[in-house]
Amino acid sequence: SEASRKCLGSVSEASRKCRGALLQASGAAASRFSYASVPEALASISRREGVRALWRGVLPALGANAPFSAVHYACYSRLQAEIARRRPASSPSSPATNFAAGGVASALATLALPSPSTRCQRGGGIR
């Protein structure tokens, strides 16, 4: 329908603008640093800022990802148990079943726990 086309068009345009802004921002940030390899980058950062700089941001990243991982694991485990209960004992689980359970668990965890960055992007800030 016309409304669907307009909606998809505006989503596509917003996505394109967002990707462009991200590429500009990452290019500007990356232009300050140019390393030939990962070992060179590690050595350079360690010399310039100290070894602790290599670990900067690890705790906030873990704090942001731990709740998602916990919900994801709980959902995935529950789905796997339910699938195992419903299939015959002689039938092994298929990769497709495992993939589907992982996808559903990811969707549930994502919907249940919006990340702090998502809240910021929506203008809600971090509470």
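Quick caveat, the model's predicted, so the values are computed rather than measured. (Residues numbered from 1 in each chain as written. Predicted model: local features only at pLDDT ≥ 70, side-chain atom pairs only at ≥ 80, totals over all residues. Heavy atoms only, no water.)

1. Some points on the overall build of the chain
Tallying secondary structure elements over the chain gives five helices and zero strands in all. For the chain, with 127 residues in total, the buried portion stands at 7%. Taking contacts inside the chain between residues at least 6 apart in sequence as the whole, the part at least 24 apart equals 44%. Counting only carbon and sulfur atoms, one obtains 65% of the accessible surface of the chain, whose full area is about 10000 Å². (Helix = DSSP H or I, 4+ residues; strand = E, 2+ residues; numbered from the N terminus. Buried < 20%, exposed > 50% of the residue type's maximum accessible area, 1.4 Å probe, protein only. Contact = heavy atoms within 4.5 Å. Areas by Shrake-Rupley, 256 points an atom, 1.4 Å probe, with all protein chains shown as cover.)

2. A look at the pattern of salt bridges
For the structure on display, the rule yields five salt bridges. Between Glu-82 and Arg-78 there is a salt bridge whose closest N-O contact spans 3.6 Å. With Glu-82 and Arg-78 both in helix α3 (residues 58-86) and four residues apart, the pair spans about one turn of that helix. A relative accessible area of 55% means that Arg-78 is categorised as exposed. With a closest N to O distance of 2.5 Å, Arg-85 and Glu-82 form a salt bridge. One end of the pair, Arg-85, and the other, Glu-82, are both in helix α3, three residues apart, so they sit about a helical turn from each other. Assessed through its relative accessible area of 59%, Arg-85 is described here as exposed. (Salt bridge = Lys/Arg side-chain N within 4 Å of Asp/Glu carboxyl O.)

3. Quick look at helix α4 (residues 95-112)
In a regular helix each residue adds 1.5 Å, so 18 residues correspond to 26 Å; α4 covers 25 Å between its end C-alpha atoms and thus fits that length. Burial in α4 covers these residues: Ala-101, Gly-102, Ala-105 and Ala-109. Projection of α4 onto a plane perpendicular to its axis shows the buried side chains occupying an angular sector of 100°, all on one side. More than 90 degrees from the buried face of α4, the exposed residues found are Ala-96, Phe-99 and Leu-111. On its buried face, α4 sits against α3. (Expected span 1.5 Å × (residues − 1). Arc of directions from axis to C-beta.)

4. Digging into the confidence of the model for the chain
With 62% of its residues at a pLDDT of 70 or more, the chain shows a mean pLDDT of 74. Mean pLDDT across the secondary structure elements of the chain bottoms out at helix α1 (residues 2-30), with 54, and peaks at helix α2 (residues 38-49), with 90. (pLDDT = per-residue confidence, 0-100.)

5. Overview of α2
Over its twelve residues, α2 runs 16 Å from end to end, which matches the ideal 16 Å to within 8%, given 1.5 Å per residue. For α2, the N-terminal cap is Ser-37; the gap from its side-chain oxygen to the backbone nitrogen of Glu-40 is 3.2 Å. Positive backbone phi, approximately 95°, marks Gly-50, located one or two places after α2. (Polar contact = N/O pair within 3.5 Å; in protein donor to acceptor, adjacent residues only side chain to side chain.)

6. Quick notes on the packing of α3 against α4
Between α3 and α4, the shortest axis-to-axis distance is 8 Å and the interhelical angle comes to 140°. Considered as vectors, α3 and α4 are oriented oblique to each other. In the packing of α3 onto α4, the handedness of the crossing is right-handed. Judged by residue contacts, Phe-68, Val-71, His-72, Cys-75, Tyr-76, Leu-79, Gln-80 and Ile-83 of α3 engage Thr-97, Asn-98, Ala-101, Gly-102, Val-104, Ala-105, Ser-106, Leu-108, Ala-109 and Thr-110 from α4. Its residues placed into classes, the contact of α3 with α4 shows eleven nonpolar, seven polar and no charged. (Axes fitted to C-alpha atoms, helices over the stretch in contact; angles between N-to-C directions. Parallel < 35°, antiparallel > 145°, perpendicular 65-115°, else oblique. Left-handed = near helix turned anticlockwise from the far one by under 90°. Nonpolar A, V, L, I, M, F, W, Y, C, P; charged D, E, K, R; others polar.)

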